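Examination of the molecular architecture
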Amino acid sequence: MPAPERIPSRSLTDPELLTLLTEGTLTVLGRVGGASNAVLHCTVAYDGEERACAYKPVAGEQPLWDFPDGTLAQREVAAYEISRATGWELVPPTVLRDGPYGQGMVQLWIESPADGEEAPELLALVEGEEPGDGWKAVGFAEVGEGKTALLVHADDPRLRRLAVLDAVINNGDRKGGHLLPAPGGRLFGIDHGVTFNADDKLRTLLWGWAGEPLTDESLAVLGRLAAALAPGAPLATRMAELITPAENKALRGRIDGLLKAAVHPRPSGQWPPIPWPPV
């Protein structure tokens, strides 16, 4: 499988990238292994430009008991739209379009950091009961032979923003493998099919800030999101095309709740807080 093309330094909200993903010719290179739903590695070419991308056809989605069938691709796009509105660029450009196997989600492929560029350590298992400087504790995990270790994640502002985004979109599956360090010190989150449920489904490895005050930056972003989702606003209109009225109502309710509480959410106790498998 050929290496994906390096992402240039231009903003990932560049309209030309969305045009490329939406209008370009998709060529399937192979299937990405290890995914529960069909994920195809492709190239997309348009007007002399070619990029690597991921294509998840709706026809390859596995049914879930708690999500309507055939809606995961739309939820991936909805997560991108909300991420785009925050200005944090945490989700790669993602569109809904027809492809070789029918309608599906197409997302810009994210390359690993360049040679010589050290990838940050984001998750770890450590001995003892305290996370240590620069780390936040998630909880204890069994590591075999009756032993446990403390699961920790980096006290990283990029991860903290992603934790806020996950609380907004009600991400039911934030695993370690869904965190992608990228060239230039960027960090992306992928795999957002199980999001926007009207019920509390938040499952994540990023619980380290639970109960701590939200940053001023996050509160400002949440305030802008609330305004952008007001009836008749362009983002509200777009979201109405992607998720149900009940899910949109719950989305606005989560944002309002975060603004009022001004703290990172804690596990609800009504749903397993850690995804399985965690990676």
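1. Some thoughts on unusual backbone geometry
Unlike most non-glycine residues, Phe 196 shows phi in positive territory, near 65 degrees. Summarising the element assignment, Phe 196 is placed in the loop between strand E10 (186–189) and helix H4 (216–228). The phi dihedral of Ala 262 is positive, around 60 degrees, even though this residue is not glycine. As for its position among the elements, Ala 262 is in the segment after helix H6 (245–261). What makes Ala 262 partly exposed here is its relative accessible area of 23%.

2. Thoughts on the pattern of salt bridges
Close approach of charged atoms lets side chains of opposite charge pair. Tallying each qualifying case throughout the model produces 13 salt bridges. A salt bridge links Glu 49 to Arg 51; the shortest N-O distance between them is 3.2 Å. In this structure, the salt-bridge partner of Asp 191 is Lys 56, at a minimum N-O distance of 2.6 Å. You can see Asp 191 sitting in the loop between E10 and H4 and its partner Lys 56 sitting in strand E3 (residues 49–57), a full 135 residues away along the chain. Sharing partners across several salt bridges, the network here consists of Lys 56, Glu 76 and Asp 191.

3. So, the sheet that holds strand E4 (residues 94–99)
With antiparallel pairing, five strands are arranged side by side in an open sheet as E1-E2-E3-E5-E4. In this open sheet, the two strands that pair with only one neighbour each are strand E1 (25–31) and E4. Within this sheet the neighbouring strands show an average axis-to-axis angle of 40 degrees, counted without direction. Two elements, E1 and strand E2 (residues 40–46), share six bridges in a ladder whose sense is antiparallel. Bridging from a neighbouring strand, Val 28 pairs with Cys 42 of E2. Helix-sheet contacts for helix H1 (residues 15–23) involve E1, E2, E3, E4 and strand E5 (102–108), and the interaxial angle to E4 is about 25 degrees. This element, helix H2 (residues 72–86), spans E3, E4 and E5 of the sheet and lies at about 150 degrees to E4.

4. Here we look at the sheet that holds strand E6 (residues 123–126)
Reading across the sheet, the three strands line up as E6-E8-E7 and stay open at both edges, with antiparallel pairing between neighbours. In the strand order of this sheet, the two ends are held by E6 and strand E7 (135–144), each with one partner. Strand after strand, the sheet turns through a mean of 30 degrees between neighbouring axes, direction not considered. Pairing of E6 with strand E8 (residues 147–154), which is carried by four bridges, proceeds in the antiparallel orientation. The residue of E8 that forms the bridge with Val 126 is Leu 150.

5. Thoughts on the environment of Glu 76
Locating Glu 76 in the fold gives a position in helix H2. The buried category is assigned to Glu 76, whose relative accessible area is 4%. On a C-alpha basis, the gap between Glu 76 and Met 105 in space is 7.1 Å, while along the polypeptide they are 29 residues apart.

6. Brief notes about the packing of H2 against helix H3 (residues 157–169)
One way to put it is that H2 packs onto H3 with a least axis distance of 11 Å and a crossing angle of 130 degrees. What the angle tells us is that H2 and H3 run oblique. For the pair H2 and H3, the crossing hand works out as right-handed. Here Ala 79, Ile 82 and Ser 83 of H2 lie close against H3, whose contacting residues are Leu 165, Val 168 and Ile 169. Here the contact of H2 with H3 is built from residues that sort into five nonpolar, one polar and no charged.

7. Side note on the nonpolar core
Nonpolar side chains tend to gather and get buried jointly when the protein is soluble and globular. In terms of nonpolar packing, the biggest core is built from 55 residues, with Ile 82, Leu 159, Val 168, Phe 196, Met 239 and Leu 251 touching the most fellow members. Setting aside its immediate chain neighbours within four residues, Leu 159 contacts Leu 122, His 153, Ala 154, Leu 179, Leu 187, Leu 206 and Trp 209.

8. Re the pairing of strand E9 (residues 179–182)
Judged from the four bridges that link them, E9 and E10 form a sheet pairing that is antiparallel. Note that in E10 the partner of Pro 181 across the bridge is Leu 187. Here E9 folds back onto E10, and the loop between the two strands holds three residues, one of which, Gly 184, carries a positive phi near 80 degrees.

Here is what the cut-offs are and how they apply
Residues numbered from 1 in each chain as written. Predicted model: local features only at pLDDT ≥ 70, side-chain atom pairs only at ≥ 80, totals over all residues. Heavy atoms only, no water. Helix = DSSP H or I, 4+ residues; strand = E, 2+ residues; numbered from the N terminus. Buried < 20%, exposed > 50% of the residue type's maximum accessible area, 1.4 Å probe, protein only. Salt bridge = Lys/Arg side-chain N within 4 Å of Asp/Glu carboxyl O. Pairing = 2+ DSSP bridges. Axes fitted to C-alpha atoms, helices over the stretch in contact; angles between N-to-C directions. Contact = heavy atoms within 4.5 Å. Parallel < 35°, antiparallel > 145°, perpendicular 65-115°, else oblique. Left-handed = near helix turned anticlockwise from the far one by under 90°. Nonpolar A, V, L, I, M, F, W, Y, C, P; charged D, E, K, R; others polar. Core = buried A, V, L, I, M, F, W, Y, C linked by side-chain atoms within 4.5 Å.

Honestly, that's just the spatial picture; any functional story needs more than this.
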